[in-house]
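Spelled out from the first residue to the last, the chains are:
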Amino acid sequence: MDSIKSIFLDINKKHKWIYVFVLFAPFMYSMNFKNGSIKLLDDFFEFARVGAFVLIAIWFYLEKKKPSKLTWILFAMEVWQLFVTCITNKKIVVSIYDLSASLAIALLIELFLDSPKDLLGGMLLHYELAVYPNLISLLMNIGSESDNFYLGDHNVVNQFFIPAIAVAVIYMYITGNKKRCLPLIAVSLISCCICHSTTTLFSIFAAIFVFVVGHFFNKNSFSLSFIFICVILLNVFLMFFYTEALFPGIKWFFINNFGKHMAFSGREQIWPIAIEMVINSPIIGNGYRTLVKVSEYFTAGHAHNMFLDKALVGGIPELLIFLYLHVELFLKVKKIKPSICKLTLVSLMGAIFVTYIMDSYLKFWRFYVVIFLLYHLDDILKDKVVVKNEEK
């Protein structure tokens, strides 16, 4: 009994990253295949996320920590989504799964803000276990039409690469461990460039733009706000564009000549129907994971646009809360001290904003790793010198 107690005391003192590694594991992996045995494994991960959330929440309460304003906004959005799901499409269980995942990641990051090296070290190990094997499957798929990779299809991979870069950059900044972090950053960037996803390529271009503006003009907050506003305006234009409210002739010229190359194929059919569904239920929405039936032979699993999907699921209230979450993030970013970490995470947020136009993600909570690390960046970096001294 004493030996077990000493092990826990040793972990509490020197190896808290083990706690992060264990608690973060359910949010990293999933098996989205049709095979029965694999489906059981995916169900296991779903239940494990709820269990991890309960453990994190209890630990958070016992530590007498207070959730940040961003966490409360996220909580409001997830509870509203659960409420409208209860009274619409009744997909309550899957809504609880994702509510648990979103809040668990937010609370996990805030729980270990006092131990940033352990927080990032536990996360980093998971990204290493995910990203390196995935590069092999990406390379094996070059030149083929298949997009089934180690991590999933092309819609999933950037949910790993973008957070992996964020975690690696901050960990390298506070520990100086370039040998461990630079290869992971390089492999993540290479993977983004060779995966079968135009959306991912667009997001990388956006990240480069934000990085360049932030670096040469010292306008980190401006570049992030600018690209988000551009995304909103482009999104509004495309909603009109694809519903033939504006320029119907140009619309079909654009689709026929450029659509397949710009990741728009299929969206010209999905978006008009999704918009009509939002108009028919603007307040309550249609519930979590609402299907968009385009025709007798084609049903989309989501709206393929993050803003539209929020309005489709939880109506205008959920969309407004989602936008307010980002406004709160912008206000915090303006106060964060300038650093290469801030510039990198702001750039990665620019990449995420661009993905909002092209896709909506069933496991969007993986991006909350970047959002909450950026939001709490000052707290994470305040002990940078101390951590570096510990490393030596």
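Caption draft 1: Representation of helix H4 (residues 69-87) within the structure. For H4, spanning 19 residues, the distance from its first C-alpha to its last is 28 Å, which sits close to the expected 27 Å at 1.5 Å a residue. Close packing links the buried residues of H4 with helix H5 (92-111), helix H13 (306-333) and helix H15 (368-375).

Caption draft 2: Highlighting the packing of aromatic side chains. For the coordinates displayed, the defined rule picks out 13 aromatic pairs. Taking 5.5 Å as the distance between ring centres and 45° as the angle between the ring planes, the aromatic pair formed by Trp 80 and Phe 83 counts as tilted. With a gap of three residues between them, Trp 80 and Phe 83 both fall in helix H4, about one helical turn apart. With relative accessibility at 41%, the residue Phe 83 sits in the partly exposed group. The positively charged end of Lys 332 is found above the aromatic ring belonging to Tyr 375, 4.2 Å away from the centroid.

Caption draft 3: Expanded view of the pattern of salt bridges. Considering all chains together, one arrives at five salt bridges under this definition. The residue Glu 128 makes a salt bridge to Arg 180 at a minimum N-O spacing of 2.9 Å. Remark: Arg 180 occurs in helix H8 (residues 178-194) and Glu 128 occurs in helix H6 (residues 116-140); sequence separation between them is 52 residues. Its relative accessible area of 14% is what places Glu 128 among the buried residues. According to the relative accessible area criterion, Arg 180 is partly exposed, its value standing at 23%. Ionic pairing is found between Lys 310 and Glu 318, a salt bridge with its closest N-O pair at 3.6 Å.

Caption draft 4: Examining the environment of Met 306 more closely. Residue position: Met 306 is located in helix H13. Residues Met 306 and Phe 353, spaced 47 residues apart in sequence, show a C-alpha to C-alpha distance of 9.2 Å.

Caption draft 5: Looking closely at the side chain of Thr 344. Checked against the element boundaries, Thr 344 lands in helix H14 (residues 340-358). Excluding its chain neighbours within four sequence positions, the residues that come into contact with Thr 344 are Val 169 and Phe 211.

Caption draft 6: Inspection of the nonpolar core at higher detail. Of all hydrophobic cores here, the largest spans 99 residues; its most connected members are Met 123, Ile 371 and Leu 373. Looking at which element gives the most residues to this core, the answer is helix H7 (residues 154-175), with 13 residues. Those residues in contact with Leu 373 that lie beyond four places of it in its chain are Ile 109, Leu 119, Leu 120, Val 167, Ile 170, Leu 345, Tyr 368 and Ile 380.

Reading the values: rules and limits
- Residues numbered from 1 in each chain as written.
- Predicted model: local features only at pLDDT ≥ 70, side-chain atom pairs only at ≥ 80, totals over all residues.
- Heavy atoms only, no water.
- Helix = DSSP H or I, 4+ residues; strand = E, 2+ residues; numbered from the N terminus.
- Expected span 1.5 Å × (residues − 1).
- Contact = heavy atoms within 4.5 Å.
- Phe/Tyr/Trp six-rings, centres within 6.5 Å; stacked < 30°, edge-to-face > 60°.
- Buried < 20%, exposed > 50% of the residue type's maximum accessible area, 1.4 Å probe, protein only.
- Lys NZ or Arg CZ within 6 Å of the ring centre and 35° of its normal.
- Salt bridge = Lys/Arg side-chain N within 4 Å of Asp/Glu carboxyl O.
- Core = buried A, V, L, I, M, F, W, Y, C linked by side-chain atoms within 4.5 Å.

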